Amino acid sequence: MNNRTLHTTLLAAALALAATGVARAQDALTAPQVRAQLESQGYTRVKDLEFKDGMWKAEATSANGKDVDVRLDPRTGTVYPEKAVSQLGEADIRAQLSAAGYSDVNDVKLKDGLWKAEGRTAEGEKVNLRLDPDTGEIIAVERD
């Protein structure tokens, strides 16, 4: 492969990755939508709303008056309270990630109401993953 072909191939790959990132950003909820989602579920005094680690995070007061930290799925707005309990175990999460094509899966733990793990994509890229505590569905992927 000559240099020109190599450069063209690399440029095409970079543009494809950039386009994928734009599509994800366009699919993500906005801060006002996230705030409305929380309020519709009975949360009040929403503060410190930020998009971090591929998810929305906020502090709020729950319907029963307790101060809580929550995370939200950036696409659906599903709220994950910090102290969620999971029916899934580490082996379940590892199996789901393996079936989804991830390798070198490590640091699998239930933390802040979500399953968290590190791994590599089929292309070998290191990623941090966040998974639904009930279904094991991948809800956030962050490049490492």
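It should be noted that the structure appears before, not after, this text.
Residues numbered from 1 in each chain as written. Predicted model: local features only at pLDDT ≥ 70, side-chain atom pairs only at ≥ 80, totals over all residues. Heavy atoms only, no water.

### What to know about the packing of aromatic side chains
Stated precisely, the cut-off is as follows: Two aromatic rings from Phe, Tyr or Trp, using only the six-membered ring of Trp, form a pair when their centres are within 6.5 Å; if the ring planes differ by under 30 degrees the pair is stacked, by over 60 it is edge-to-face, and anything between is tilted.
Under the criterion given, the structure shown has 1 aromatic pair. Here the aromatic rings of Phe51 and Trp56 are separated by 5.4 Å at their centres, their planes lie at 70°, and the arrangement is edge-to-face.

### Some points on the pattern of salt bridges
Worth spelling out the cut-off: Basic side-chain nitrogens of Lys or Arg form a salt bridge, by our definition, when they fall within 4 Å of a carboxyl oxygen of Asp or Glu. Only protein chains enter the calculation, and the probe is 1.4 Å; a residue is then buried if its accessible area is under 20% of its type maximum, exposed if over 50%, and partly exposed in between.
This model, assessed by the stated rule, comprises 8 salt bridges. Between Lys116 and Asp112 there is a salt bridge; the shortest N-O distance is 3.4 Å. Taking relative accessible area as the criterion, Lys116 reaches 13% and is therefore assigned buried. It is possible to trace a salt-bridge network through shared partners that takes in Asp53, Lys57 and Arg130.

### Quick notes on the sheet that holds strand β8 (residues 138-143)
Selection criterion: One requirement defines pairing of two strands: DSSP has to find at least two bridges between them. Numbered from the N terminus, helices here are DSSP runs of H or I no shorter than four residues, and strands are runs of E no shorter than two. All axes are obtained by fitting lines to C-alpha atoms, using only the stretch in contact for helices, and the reported angles, taken between N-to-C directions, cover 0 to 180 degrees. Throughout, a residue-residue contact means that at least one pair of heavy atoms, one from each residue, lies within 4.5 Å.
Here we have 4 strands laid out as an open sheet, ordered β5-β6-β7-β8, and antiparallel in their pairing. On the outer flanks of this sheet lie β5 (103-111) and β8, each paired with one strand and no other. Pairs of neighbouring strands in the sheet enclose a mean axial angle of 20°, with direction left out of account. Relative to β8, strand β7 (residues 126-131) runs antiparallel, the two sharing 5 bridges. Residue pairing across strands places Leu131 opposite Ile138, the latter belonging to β8. The strands touched by helix α3 (residues 90-99) within the sheet are β5, β6 (114-120), β7 and β8, with β5 carrying the most contacts at an inclination of about 140°.

### As for the side chain of Asp132
Applicable threshold: Charged residues are defined here as Lys and Arg on the positive side and Asp and Glu on the negative side; His and the ends of the chain fall outside this count. As used in this structure description, the phrase polar contact means that two N or O atoms lie within 3.5 Å; if the pair is within protein, one of them must be able to donate a hydrogen and the other to accept it, and residues adjacent in sequence are counted only when both atoms belong to side chains.
Of note, Asp132 is situated in the loop between β7 and β8. No salt bridge forms around the buried Asp132; measuring N to O, its nearest opposite-charge neighbour Arg75 is 8.7 Å away. At 2.6 Å, the side chain of Asp132 and the backbone nitrogen of Asp134 are in polar contact. If we ignore the near neighbours within four places in the chain, the residues touching Asp132 are Tyr80, Leu88, Trp115, Glu137 and Ile139.

### Concerning the environment of Trp56
Structurally, Trp56 is set in strand β2 (residues 55-61). Along the chain, Trp56 and Val70 lie 14 residues apart, while their C-alpha atoms are 8.3 Å from each other. Only 3.0 Å separates the side chain of Trp56 from the backbone oxygen of Leu29, close enough to count as a polar contact.

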